[in-house]
Amino acid sequence: MTYDTESPYHELLDEEMKSVRPIKRYLVPLLFVLVVALLSGCSDQIIVLDPKGPIGESQKDLIYIATILCLIVVVPVIVLTGIFAWRYRDKPGNNATYKPNWSHNTKLETIWWGIPVLIIIALGIVTVSYTYKLEPSKPLVSEKKPITIQVTSLDWKWLFKYPEQGIATVNYAYIPEDTPVRFQLTADSPMNSFWIPQLGGQIYAMSGMAMTLFLQADEPGEYYGSGANFTGRDFAQMTFKVHATSDAEFNDWVKEVKSSSPALTEEGYAKLAEPGSAEKQAFSSFPAGLFESIVTKYAPGGTHHQHGSADMGMPQPPDPGKQQQTASTADNHMAHSSAGH
Amino acid sequence: MLDNLKEFASEFFVTGDPLILGAQVSIALTMIAIVIVLTYFKKWRWLWTEWLTTVDHKKIGIMYIIASLLMLFRGGVDALLMRTQLAMPELNFLEAEHYNQIFTTHGVIMILFMAMPLMFGLFNIIVPLQIGARDVAYPFLNSMSFWLFFWGAMLFNMSFVIGGSPDAGWLAYPPLSELSHSPGVGQNFYIWGIQISGIGSLATGINFIVTILKMRAPGMRLMKMPMFSWSVLSSCISIIFAFPILTVTLFLLFLDRFLGAHFFTLDGGGNPMMYINLIWMWGHPEVYIVVLPAFGIFSEVVAAFSRKKLFGYASMVFAMIAISVAAFFTWAHHFFTMGSGANVNAFFAVTTMIIAIPTGVKVFNWLFTMFRGKIQFTTPMMWAIAFIPCFVVGGMTGVLLSVAPADFQFHNSYFLIAHFHQVLIGGVVFGYFAGLYYWWPKMFGFKLNEHLGKWAFWFWNIGFYVCFMPQYLLGLMGMTRRINVYDFDMGWQPLNVVSTIGAFLMGIAFLFQVWQIAHSIKFHKKDTTGDSWGVGRTLEWSIPSPAPVYNFATIPVADERDWWWEEKERREQGIQPKAIPLEPIHMPKNSAIPFIKSLCWFTAGFGFVFNWLWIAIPGLIGVAICMLVRSFQYDTDYYIQVDEIKRTEAALRGAN
Ligand code: HEM
Ligand SMILES: [Cu+2]
Ligand SMILES: [Cu+2]
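Residues numbered from 1 in each chain as written. Chains lettered and ligands numbered in written order. Predicted model: local features only at pLDDT ≥ 70, side-chain atom pairs only at ≥ 80, totals over all residues. Heavy atoms only, no water.

**Q** Any chance you could explain the overall build of chain B here in plain terms?
**A** Assigned secondary structure in chain B consists of 20 helices and two strands. Over its C-alpha trace chain B gives a radius of gyration of 25 Å, about what one expects of a compact globule, namely 26 Å for 656 residues. Dimensions along the principal axes, computed over C-alpha positions, put chain B at roughly 75 × 60 × 45 Å. Scored against the burial criterion, the 656 residues of chain B give a buried share of 64%. Taking contacts inside chain B between residues at least 6 apart in sequence as the whole, the part at least 24 apart equals 82%. (Helix = DSSP H or I, 4+ residues; strand = E, 2+ residues; numbered from the N terminus. Rg over C-alpha atoms; globule rule 2.2 N^0.38 Å. Buried < 20%, exposed > 50% of the residue type's maximum accessible area, 1.4 Å probe, protein only. Contact = heavy atoms within 4.5 Å.)

**Q** What am I meant to see in the overall build of chain A here?
**A** Along its length, chain A carries nine helices and 11 strands. Evaluated residue by residue, chain A yields a buried proportion of 53% over its 341 residues. Of the contacts made within chain A by residues no fewer than 6 positions apart, 69% connect residues no fewer than 24 positions apart. Accessible surface computed for chain A: about 15500 Å², of which carbon and sulfur atoms make up 61%. (Areas by Shrake-Rupley, 256 points an atom, 1.4 Å probe, with all protein chains shown as cover.)

**Q** How should the domain arrangement of chain A be read in this particular structure?
**A** How big an interface is tends to be expressed through the accessible area that disappears when the partners come together. Residue and element names in this part refer to chain A. If you check the domain split of chain A, you get domain 1 (1-45), domain 2 (49-98 + 105-134) and domain 3 (147-313). The C-alpha centroid of domain 3 is placed 40 Å from the C-alpha centroid of domain 2. At the interface, eight residues of domain 2 touch 11 residues of domain 3. Here domain 2 and domain 3 share an interface that buries about 660 Å² over both sides, 50% of which is from carbon and sulfur atoms. Three residues stand out in domain 2 for area buried against domain 3, namely Lys52, Pro54 and Ile55, and they jointly supply 68% of the buried area on that side. Run the count over domain 2 and domain 3 and you get zero salt bridges. At the boundary of domain 2 with domain 3, the tally comes to five residue pairs in polar contact (both at pLDDT 80 or more). In terms of residue class, the side of domain 2 that touches domain 3 is built from three nonpolar, three polar and two charged. (Domains from an automatic or database assignment. Buried area = accessible area lost by both parts, 1.4 Å probe. Salt bridge = Lys/Arg side-chain N within 4 Å of Asp/Glu carboxyl O. Polar contact = N/O pair within 3.5 Å; in protein donor to acceptor, adjacent residues only side chain to side chain. Nonpolar A, V, L, I, M, F, W, Y, C, P; charged D, E, K, R; others polar.)

**Q** I keep staring at the interface of chain B and chain A and nothing clicks. Help me out?
**A** Facing the 99 residues of chain B at the interface are 96 residues of chain A. Approximately 8500 Å² of surface area, both sides summed, lies buried where chain B meets chain A, with 71% of it carried by carbon and sulfur atoms. Where chain B touches chain A, the interface holds one salt bridge. One salt bridge connects Arg307 of chain B with Asp90 of chain A, and the closest N-O pair in it is separated by 2.3 Å. On inspection of chain B and its partner chain A, the count reaches 24 residue pairs in polar contact (both at pLDDT 80 or more). Those elements giving two or more residues to the side of chain B that touches chain A turn out to be α5 (96-131), α9 (272-306), α10 (313-326), α11 (342-370), α12 (379-402), α13 (404-410) and α15 (450-476) of chain B. Considering every element that reaches the side of chain B that touches chain A, the biggest residue donor is α11 of chain B, with 19 residues. Residue classes in the side of chain B that touches chain A are distributed as 59 nonpolar, 29 polar and 11 charged.

**Q** Which parts of the structure should I look at to understand the sheet that holds strand β7 (residues 200-205) of chain A?
**A** Residues and elements named next belong to chain A. Taken together, the five strands give an open sheet; going across it, the order is β4-β10-β9-β6-β7, and neighbouring strands pair in mixed fashion. On the outer flanks of this sheet lie β4 (172-176) and β7, each paired with one strand and no other. Within this sheet the neighbouring strands show an average axis-to-axis angle of 20°, counted without direction. As defined by bridge partners, strand β9 (residues 221-227) adjoins strand β10 (residues 239-245) across six bridges and the pair is classed as antiparallel. Residue pairing in the sheet places Glu222 in a bridge with His243 of β10. Its contacts with the sheet place helix α5 (residues 247-260) against β4 and β10, and it is angled at close to 140° to β4. (Pairing = 2+ DSSP bridges. Axes fitted to C-alpha atoms, helices over the stretch in contact; angles between N-to-C directions.)

**Q** Would you take a moment to explain the site of ligand 1 for this structure?
**A** All names here are of chain B. Taken together, the neighbourhood of ligand 1 is formed by 24 residues, with Tyr99, His106, Trp170, His421 and Arg482 sitting nearest. Contact distances for ligand 1 include 2.6 Å between an oxygen atom and a side-chain N or O atom of Tyr99. A distance of 2.9 Å is found between an oxygen atom of ligand 1 and a side-chain nitrogen or oxygen belonging to Arg481. Secondary structure elements with two or more residues in the shell around ligand 1: α4 (57-86), α5, α14 (414-444) and α16 (493-523). When grouped by side-chain class, the residues that make up the shell around ligand 1 number 17 nonpolar, four polar and three charged. (Near = heavy atom within 4 Å.)

**Q** Would you explain the domain arrangement of chain B in this entry?
**A** Residue and element names in this part refer to chain B. Along its sequence, chain B is organised into domain 1 (9-42) and domain 2 (43-525 + 538-548 + 559-654). Computed from C-alpha atoms alone, the centre-to-centre distance between domain 1 and domain 2 is 28 Å. Of the roughly 1200 Å² buried at the junction of domain 1 and domain 2 (both faces included), carbon and sulfur atoms supply 75%. It is Phe12, Leu19 and Leu38 in domain 1 that bury the most area against domain 2; as a group they hold 44% of the surface buried on that side. Applying the counting criterion to the domain 1 and domain 2 interface returns zero salt bridges.

**Q** I would appreciate a short explanation of the coordination of the copper ion (ligand 3) in the present structure.
**A** Reference values for angles at a metal are 109.5 degrees in the four-donor tetrahedral case and 90 or 180 degrees in the six-donor octahedral case. All names here are of chain B. Of the protein atoms, only His284 (ND1), His333 (NE2) and His334 (NE2) coordinate the copper ion (ligand 3), at distances of 1.7 to 2.0 Å. Spacing between the donor residues of the copper ion (ligand 3) along their common chain follows H-x48-H-H. Remark: His334 occurs in the loop between α10 and α11 and His284 occurs in helix α9; sequence separation between them is 50 residues. For His284, a relative accessible area of 6% puts it in the buried group. Given the relative accessible area of 21%, His334 is considered partly exposed. (Donors = N, O, S within 2.8 Å, 3.2 Å for Na, K, Ca; no water.)

**Q** Is there a simple way to think about a nonpolar patch on the surface in this case?
**A** Where nonpolar side chains cluster on the molecular surface, the patch consists of Leu21, Val25, Leu29, Ile32, Ile36, Val37, Tyr40 and Phe41 of chain B and spans about 860 Å² of accessible area. Looking at the element boundaries, Ile36 of chain B is found in helix α2 (residues 18-40). (Patch = residues over 30% accessible without salt bridge, like charges linked within 9 Å, V, L, I, M, F, W, Y side chains within 5 Å.)

**Q** Is there a simple way to explain a negative patch on the surface in this structure?
**A** A contiguous patch of negative charge on the surface is contributed by Glu143, Asp178, Asp218 and Glu219 of chain A. Mapped onto the fold, Asp178 of chain A is located in the loop between β4 and β5 (181-187). (Lys, Arg positive; Asp, Glu negative; His and termini not counted. Charge placed at Lys NZ, Arg CZ, Asp CG, Glu CD.)

**Q** Just to check I follow, could you spell out the sheet that holds strand β11 (residues 281-283) of chain A for this structure?
**A** Paired through their backbone hydrogen bonds, the strands of a sheet run either parallel or antiparallel. Residue and element names in this part refer to chain A. With mixed pairing, the six strands of this open sheet are ordered in space as β8-β5-β1-β2-β3-β11. The open sheet is flanked by β8 (211-215) and β11, the only strands paired with a single partner. This sheet shows a mean twist of 20° between the axes of neighbouring strands, independent of strand direction. Sheet topology note: the strand β2 (residues 157-162)/strand β3 (residues 167-170) ladder contains four bridges and is antiparallel. Paired with Phe160 across the bridge in β3 is Thr169. Along the sheet, helix α7 (residues 290-298) contacts β1 (147-154), β2 and β5; its crossing angle with β5, the most-contacted strand, is approximately 40°.

**Q** I keep staring at the packing of aromatic side chains and nothing clicks. Help me out?
**A** Geometrically, a pair of aromatic rings is defined through the distance of the ring centres and the angle of the planes. One pass over the structure, following the stated rule, counts 98 aromatic pairs over all chains. Between Phe241 of chain B and Phe328 of chain B the ring centres are 6.2 Å apart and the planes differ by 85°, which places this aromatic pair in the edge-to-face class. Remark: Phe328 of chain B occurs in the loop between α10 and α11 and Phe241 of chain B occurs in helix α8 (residues 227-259); sequence separation between them is 87 residues. Here Arg89 of chain A stacks its cationic end above the ring of Trp86 of chain A, 4.0 Å away from the centre of that ring. Stacked on the ring of Tyr98 of chain A, the Lys or Arg Lys374 of chain B has its end atom at 5.4 Å from the ring centre. (Phe/Tyr/Trp six-rings, centres within 6.5 Å; stacked < 30°, edge-to-face > 60°. Lys NZ or Arg CZ within 6 Å of the ring centre and 35° of its normal.)

Structural data, given as structure tokens:
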């Protein structure tokens, strides 16, 4: 591009040099240092950006990619706002060009329709590919067999059931590290959302359906989790810790629960489901088919209702055929939910 | 007997909380004071004839603005209470039940009873003046809209002291909002307060579309119309498609609660997910409904105070229409986490991102309107300039939220809270403030004190960033919305304290604005030019401030985009406009029916809230009678004669 002296671009550059005054020159780095200091001070607490599992890791990458793409437009706009406001202020002695009737320039307008279009195309492509890649019901690639945990949102506590181990807990969970965990989510309460930020993003837990969410912890640790969708009075109490441990420790823990905790009975469940918050609890067993009966009790006519990323029934090893079917029911979700099934 | 009465009262009135008791007492005292003042100064008749029964768009606009500022106060107090509770972990200032009510009423009030009426107030006052009309297309309906809003808002606010407030969130997702989980009357207040005012909003949408399409000055083709009027048109188009969805959705919820229907229940074949889809089919367009007029205001303000034509007029129009259409195809981005599958999420992620394109273009056009201008830093312009970086950052975090798999990590966290407050405060509120400051002299004939205005400006802006920037980080630290307590060990406390400090800075800013208005009422200098800022570009600045009842003695041929700006240049060169002969002006007569009919709606709504049909049915009968009476009224208009116009104009322009 060639510059003539009348060109807006040329003038812009000039003005930028002139308008940076000493204070401002220090202000920006100073702010930057402050922000960095603040961020590093509590960076281990910014848990979304400190993931410990493959899903959270990909989501973090995606957040960074999207942020950088957006900043391509955002930073110049903010800088230009400052420069223009300063340069064209109406002060005696300011001899900047004044062109009251200049109101159209096809070349410029094409540029700023074009740039956002390009950025959105790029971001769109990235987003769509990650959307398929990170579809929550998609099994994780691993040579280890996934373990299943059935999660129920109750008013106002979380119930975790381990169908393979035959135990259950309230408001805390153990998982073996490096093993995919297949969470099946439902609610015996208003709709909630199940979120363990350091492992990966959340998915709704809804009555009458079982949603599938695959997560995995890559290292041992204690991970914060909570309900993210408001369910009423003591919703704020619905926090829990997920302990990721070695296989051996996990098995020890299961054994201990089995030997030292009471059983969860039908009546015990009914009591647990009553509105109120709860302490951590563990149960050495739970009634067979409890999860399924919670799901089906809300489905019309008591039959099971196939839905969304719903993947119901007893735990099965991930097999490609099944996965295919899950994806296709998922596609129908909008259609059937607006039709009011 | 006495015991029965006592028991009834303790259920009817919200009791047991000193905060609420304080509020009840102060509300009662304020009402008594108002009655005493009106009686003492013998102002009842004035209030009735000049205000309550008026159909004048300018007065209706002023009433909208007063009501919305009161609601801003109420919503703001709610916000400060919540921020106080959140400042420290494990604090017990508001217990859960109370906190849940407050975030619900805060959200509803800020959006439906603060932003919407402030917006309608500006529509009312400015649009007819800007397009050269003598009133809106349907002045009677306009008054109806206002009073429906007003009584709807009153009904909603009453829940604070009578019966109990709703507490299921501002969008009242079922099953939480169903009888099974919210058996009290709070949710009924929610339904009826919003329904009654919602009908008014729909009517306003229709009214302004017709006004803009049918009542422009001769020569003003659509593509010559001022940008604010364009923004009103695009916003109203969204209103007429979006609000019926809201009305139907809430009506179905009402049927569930009142007649035991099963549209959204968990049992009986109901489906709560349908409600979530429907409410967002209204809810998403709603946020564009409130932000588009703010875009229009910025376009006017930036051009006026840069003393330069708006850059890229055609792009601006196209961008707004594109936004108002695209806004209807993005609703599912509010529940990417519902497990709708990758296809659905990918579709809604992309449609949402697409909206960023026209929005970005508008920002560039504002910037290049400033480029090579002569910028005056008056308060309206300061709000406009502060808006740009704020909205751009808010828009950017919006784009981040639209990245569906990333949203799994942002959804329902404080990241989301920070995002929508940034666009709602930085976009909508800053925009309406810019408009309010800019057109204030047009409404009242004097400017607001600039010095105090600048104090308010800086407090608002600094307060905003101090309050909401930390919340982005809190979201990334895992803090979810709608919680009233959190543990010490999450490390959320320092940032929450900072955020609360910011909220109080905004509270101080609001006090500065109150002081500014009071001070300016007392010590203002009367504007005699009509073009108070001296930089007006459009028709409204060509007439005296405040405008006479009939607005324009004669309606000019406004066939240029910046007609008044060009006209001023012509007059400077000595070219006088052709005199148009005066003619009698046809005007609508005042009517008490809108006020009374809306009061009947309020009564009916109140009856339905408590399930007292003996109140609801008479209320509905009152509504029907009002309709009948109106149908047989033929004497609804009058003429202002030429000599009266002459007298008025001479008095108004005398000092000129
Ligand atoms: C003036 C400063 C404001 C402050 C300090 C503030 C603060 C808050 C707080 C603390 C919450 C509750 C967060 C939670 O617990 O989930 C909230 C929610 C909300 N605010 Fe504001 N707010 C302000 C202004 C506004 C404005 C101007 C609007 C709209 C125009 C608005 C709309 C909302 C909405 C829709 C919600 C969500 C309510 C819900 O969760 O159901 N706020 N705000
Ligand atoms: Cu469904
Ligand atoms: Cu939206």
